[in-house]
Amino acid sequence: MPEPSPDLMDKVVNLTKRRGFVFPASEIYGGFRSTYDYGPLGVLLKRNVMEAWWRSMVQLRDDIVGLDSAILMTPKVWEASGHLATFTDPLVDCRKCKERWREDQIEGVCPNCGSTDLTEARPFNLMFKTFVGPVEDEGSVAYLRPETAQGIFVNFMNVLQTSRKKPPFGIAQQGKSFRNEITPGNFIFRTREFEQMEMEFFVPPDEGPKWFEYWCQERLRWYIDLGIPEDLLRMRQHDAEELSHYSSGTADVEFLFPFGWGELEGVANRGDYDLTQHAKFSGERLEYFDQASGERYVPHVIEPAAGVGRSMMAFLLAAYDEDVVNDETRTVLRLHPRLAPYKVAVLPLSKKDTLTPTAREVLSILQPHFSTDYDETQAIGRRYRRQDEIGTPYCVTIDFETLEDRAVTVRDRDSLEQDRISIDKVVDYLKERLP
Ligand code: ATP
């Protein structure tokens, strides 16, 4: 098993702060309870992660369609889904220092003061409660969704009838979810507000186990294809007592974080639990009717449910590297080009007025095709290192010769090779190399 480097976490957290990937939220007020904001580079990385997921789950398939459902839903949804009754964590209080913990995370000892004098565990519901409308009474209570999945189940018939899909088919959704976690932490690994990427795959009941296996493999492969080394990933099957109230089988895709193995994504066989519950509580029929065979059934559901923040963290940790170039240590994020915030940076060799118009011309040629950075201050070596540190796969340098030969130097982040390319060929050159 590979050993995670103990200081890797600090290095990556520092880099993300220093270079504008992730900021503590409400920072000028001292921060706010494990919430984070994504800065100029973070928002690009986050969008790229979500886009890569959407591309593999929706765009490249003809059996999955998308959805964007509301965060606020009628509380009946959470009654039917079981979240009101069972979406709880066991909460214990330390009698000595009064801190609260999740019983299953602390093994009987308060991590704050070391005391073993803890209260009995009691269930704590993780849903955020709020009120809708001007009256704050029981009748106006609503919950912020703790997962995006239920928005998919309640739209099952709408999508089935309008998309002309039939099982096996899936509905994919990305969006914010909220959980009032008792102990958030480990940077963006566990936060109270987070983004999910979930897909519900509806299959004929006897095909559940087959599709469960299929999605476990597919989802593991997604992380590997985007550059996470295989030995930092594993699939872990849940044992019986760990299974959620709805699941007949769950396996987690786990990543070896510096603090140990942690879940990136859960793949669950939810059976017909959700559709059956919503049919019961809503009084609507939530079934598939096969006109050809005259068969009617409630599909079973296989769900791969991933988190955006956790995946981002894994991609950053796996990409972080230090090597020596010209006797100097450089930090380089070897991010997959699809995930890199900028694909290319335009760097005029000097800030001289003579180079600026051509450099800006190259910038405007590249911008419609690639997310492009422009940087003209400081020595060129320094600027290369700044781009390496944020994972930019290619730098395009404009020098004085460019004014004569209309060609630029393209530098590769990983091989450090440099090619001289004519300005009218540079888009094609980069397109061939960037997926
Ligand atoms: P955990 O056991 O870590 O609390 P979970 O098993 O409850 O997670 P799921 O309900 O399966 O998580 O949610 C699917 C995915 O959503 C998780 O794999 C994770 O990537 C993401 N996720 C869940 N809770 C959080 C959170 N509090 N912060 C960030 N991401 C989260």
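Conventions we followed
- Residues numbered from 1 in each chain as written.
- Predicted model: local features only at pLDDT ≥ 70, side-chain atom pairs only at ≥ 80, totals over all residues.
- Heavy atoms only, no water.
- Salt bridge = Lys/Arg side-chain N within 4 Å of Asp/Glu carboxyl O.
- Buried < 20%, exposed > 50% of the residue type's maximum accessible area, 1.4 Å probe, protein only.
- Helix = DSSP H or I, 4+ residues; strand = E, 2+ residues; numbered from the N terminus.
- Near = heavy atom within 4 Å.
- Polar contact = N/O pair within 3.5 Å; in protein donor to acceptor, adjacent residues only side chain to side chain.
- Areas by Shrake-Rupley, 256 points an atom, 1.4 Å probe, with all protein chains shown as cover.
- Contact = heavy atoms within 4.5 Å.
- Phe/Tyr/Trp six-rings, centres within 6.5 Å; stacked < 30°, edge-to-face > 60°.
- Lys NZ or Arg CZ within 6 Å of the ring centre and 35° of its normal.

Tell me what's going on with the pattern of salt bridges, and back it up with residues and numbers.
Close approach of charged atoms allows side chains with opposite charge to pair. Applying the stated rule across the entire model yields 41 salt bridges. As a salt-bridge pair, Arg-61 and Asp-63 come within 2.8 Å of each other at their nearest N and O atoms. You can call Asp-63 buried: its relative accessible area is 16%. Here Arg-221 and Glu-218 are joined by a salt bridge, their closest N and O atoms 3.1 Å apart. With Arg-221 and Glu-218 both in helix H8 (residues 208–225) and three residues apart, this pair spans about one turn of that helix. A single network of salt bridges, built from pairs that share partners, joins Asp-321, Asp-323, Arg-330, Arg-334, Asp-388, Arg-411, Arg-413 and Asp-414.

I'd love a proper account of the site of the ligand, names of residues and values included.
The ligand sits among 15 residues. The nearest are Glu-181, Arg-190, Thr-191, Glu-263 and Leu-264. The side chain of Arg-190 places a nitrogen or oxygen atom 2.7 Å from an oxygen atom of the ligand. Contact between the ligand and Thr-191: a nitrogen atom at 2.8 Å from a main-chain N or O atom of the residue. Protein burial of the ligand: of its 590 Å² of free accessible surface, 83% is covered by the chains. Elements supplying a minimum of two residues to the shell around the ligand: strand S11 (193–203), strand S14 (260–271) and strand S17 (300–307). Among the elements that take part in the shell around the ligand, S14 stands out by supplying four residues, more than any other.

Outline the environment of Pro-435, supporting the account with residue identities and numerical values.
With respect to the helices and strands, Pro-435 occurs in the segment after helix H14 (426–433). Taking the C-alpha atoms as reference, Pro-435 lies 9.3 Å from His-336; in sequence the two are 99 residues apart. Residues within four places of Pro-435 in sequence aside, it is in contact with His-336, Pro-337 and Arg-338.

Got a sec to walk through the packing of aromatic side chains? Specific residues and values, please.
Within the structure shown, the criterion is met by 18 aromatic pairs. An angle of 80° between the planes, with centres 4.9 Å apart, marks the rings of Phe-255 and Phe-257 as edge-to-face. Of the two residues examined, Phe-255 and Phe-257, each falls in the buried class. Here the aromatic residues Phe-153, Phe-156, Phe-169 and Phe-202 are joined through ring pairs into a cluster of three or more. The cationic tip of Arg-310 hangs over the ring face of Phe-189; the distance from NZ or CZ to the ring centre is 3.8 Å. The cationic tip of Arg-411 hangs over the ring face of Tyr-384; the distance from NZ or CZ to the ring centre is 4.3 Å.

Any link to function would need more than the numbers given here.
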